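Residue strings, one per chain:
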Amino acid sequence: MRRSCRAQHEVIRELFSRVLDQAKAKGLLSSEHFSVDGTLVRAWASHKSFVPKDGAPPPSSGSRSNPEVDFKGQKRTNDTHQSKTDPDAKLATKSSKAGAIPAYMGHVLTENRNGLVVDTRLTQANGTAEREAAIEMLAELPGEARKTVGADKAYDSEAFVEGCREINVTPHVAQNTSGRSSRIDGRTKRHAGYQISQFARKLIETVFGDAKQHGILRQVKLRGLVKVELLFTLAATVVNLRPLPKLLVPEPSG
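Residues numbered from 1 in each chain as written. Predicted model: local features only at pLDDT ≥ 70, side-chain atom pairs only at ≥ 80, totals over all residues. Heavy atoms only, no water.

1. Some words on the overall build of the protein
Move 1: Tallying secondary structure elements over the protein gives eight helices and 10 strands in all.
Move 2: Considering the protein as a whole, with its 254 residues, one finds that 42% of them fall into the buried category.
Move 3: Partitioning the intrachain contacts of the protein with sequence separation of at least 6 by distance along the chain shows that 64% fall at a separation of at least 24.
Move 4: Summing over all exposed atoms, the protein offers an accessible surface of approximately 14500 Å²; the carbon and sulfur share of this is 51%. (Helix = DSSP H or I, 4+ residues; strand = E, 2+ residues; numbered from the N terminus. Buried < 20%, exposed > 50% of the residue type's maximum accessible area, 1.4 Å probe, protein only. Contact = heavy atoms within 4.5 Å. Areas by Shrake-Rupley, 256 points an atom, 1.4 Å probe, with all protein chains shown as cover.)

This is the structure in structure tokens:
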């Protein structure tokens, strides 16, 4: 990372931390109950920019700035193709019903008291990024007390469930029983806390919705993992700032 980027990263992370410190000082953050999720962040790259890593690019015509590219008969994957405008971006989708887009994967960890973001990560988009980033963020939470984390079906995997238990976190993941067995059972689901976690974890979607609808994450206009990560953390900071004035005002007594 170049020195200027490192300095920017430190400044934005410091801003993110100071906003959280205000919330923590007023007792607005849960220290035991959390939610985690990931979202695709559309990269500043087009499908046309994905060319073979080896061999000749597909034929094109038209203007040099916006050529017509013929991909007919050519299957593009992240193993064989790479964006020439943003090599860090990957073709990805979060649904089998949606087409792949050039994207990064953004991850947030929220606390369940007021739904504030307590940590962020931005990674390249792949099949394990969500779960790996979640374990990393959970492992860095302070305190030795047992914690819980709510998550959707994408996190119902052996690696994530066992990874949580190894760091003293109870995984309250939604069960994925589509043609398989869930990695959690009735011993977890029977507790009232599981249902609370499942309700709370759905609120994390408002973080992504806010950042994309009213913020800067619908499609980023920076390129490269380092720069997009700065933008993602800044967007999470802004999302935290929106409810803080109301949360910090003490309720009238009597």
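Back to the text.
2. Quick notes on the pattern of salt bridges
Move 1: A full pass over the atoms with the stated rule returns 11 salt bridges.
Move 2: Here Asp119 makes a salt bridge to Arg13, at a shortest N to O gap of 3.3 Å. Of this pair, Asp119 sits in strand E8 (residues 117-124) while Arg13 sits in helix H1 (residues 3-25), placing them 106 residues apart in sequence. Note on accessibility: Asp119 and Arg13 belong to one class, buried. (Salt bridge = Lys/Arg side-chain N within 4 Å of Asp/Glu carboxyl O.)

3. Thoughts on the pairing of strand E9 (residues 147-151)
Move 1: Most of E9 is tucked away: five of the five residues are buried.
Move 2: The two faces of E9 match: Lys147, Val149 and Ala151 on one face and Thr148 and Gly150 on the other face are all buried.
Move 3: Judged from the five bridges that link them, E9 and strand E10 (residues 169-173) form a sheet pairing that is parallel. Residue pairing across strands places Thr148 opposite Thr170, the latter belonging to E10. (Pairing = 2+ DSSP bridges.)

4. Describing the environment of Glu144
Move 1: Along the polypeptide, Glu144 turns up in the loop between helix H2 (129-139) and E9.
Move 2: Since its relative accessible area comes to 75%, Glu144 is described here as exposed.
Move 3: Taking C-alpha positions, Glu144 is 9.2 Å from Ile167, a pair spaced 23 residues apart along the chain.

5. What to know about helix H3 (residues 158-166)
Each α-helix winds once per 3.6 residues, and so residues spaced three or four apart point in a common direction.
Move 1: Listed in full, the buried residues belonging to H3 are Phe160, Val161, Gly163 and Cys164. On an axial view of H3, the arc spanned by its buried residues comes to 165 degrees, and they lie on one face. In H3, the exposed positions that point more than 90 degrees away from the buried face belong to Glu158, Ala159 and Glu166.
Move 2: Residue Asn168 follows H3 closely and has a positive phi angle near 65 degrees. (Arc of directions from axis to C-beta.)

6. A closer look at the pairing of E10
Move 1: Most of E10 sits out of view: five of its five residues are buried.
Move 2: Of the two faces of E10, the one lined by Val169, Pro171 and Val173 and the one lined by Thr170 and His172 are each fully buried.
Move 3: Taken together, E9, H3 and E10 form a β-α-β motif whose crossover is right-handed. (Right-handed = clockwise from strand over helix to strand, strands pointing away.)

7. Considering the environment of Val207
Move 1: Looking at the element boundaries, Val207 is found in helix H6 (residues 204-213).
Move 2: For Val207, a relative accessible area of 5% translates into the label buried.
Move 3: A sequence separation of 90 residues divides Val207 from Val117, and the C-alpha atoms of the two residues are 8.1 Å apart.
Move 4: If sequence neighbours within four positions are ignored, Val207 has contacts with Thr110, Gly115, Val117 and Val239.

8. Description of the environment of Asp156
Move 1: Structurally, Asp156 can be placed in the loop between E9 and H3.
Move 2: Overall, Asp156 belongs to the buried group, its relative accessible area being 3%.
Move 3: Along the chain, Asp156 and Arg131 lie 25 residues apart, while their C-alpha atoms are 9.3 Å from each other.
Move 4: The contacts of Asp156, once residues within four sequence positions are left out, are Val173, Ala174, Gln175, Asn176, Arg180, Ser182, Arg183 and Ile184.
Move 5: A distance of 2.8 Å separates a polar atom in the side chain of Asp156 from the backbone nitrogen of Arg183. (Polar contact = N/O pair within 3.5 Å; in protein donor to acceptor, adjacent residues only side chain to side chain.)

9. Remarks on unusual backbone geometry
It is generally the case that most residues other than glycine have a negative phi and that most peptide bonds are trans.
Move 1: A positive phi angle, near 65 degrees, is found at Asn168, a position not held by glycine.
Move 2: The exposure class of Asn168 is partly exposed, given its relative accessible area of 26%.

10. A closer look at the packing of H2 against H3
Move 1: Where H2 contacts H3, the two axes come as close as 10 Å, and the packing angle between them is 5 degrees. As far as their axial angle goes, H3 and H2 are roughly parallel. Mapping the contact onto sequence places Arg131, Ala134, Ile135 and Leu138 in H2 and Phe160, Gly163 and Cys164 in H3.
Move 2: Broken down by class, the residue content of the contact of H2 with H3 amounts to five nonpolar, one polar and one charged. (Axes fitted to C-alpha atoms, helices over the stretch in contact; angles between N-to-C directions. Parallel < 35°, antiparallel > 145°, perpendicular 65-115°, else oblique. Nonpolar A, V, L, I, M, F, W, Y, C, P; charged D, E, K, R; others polar.)

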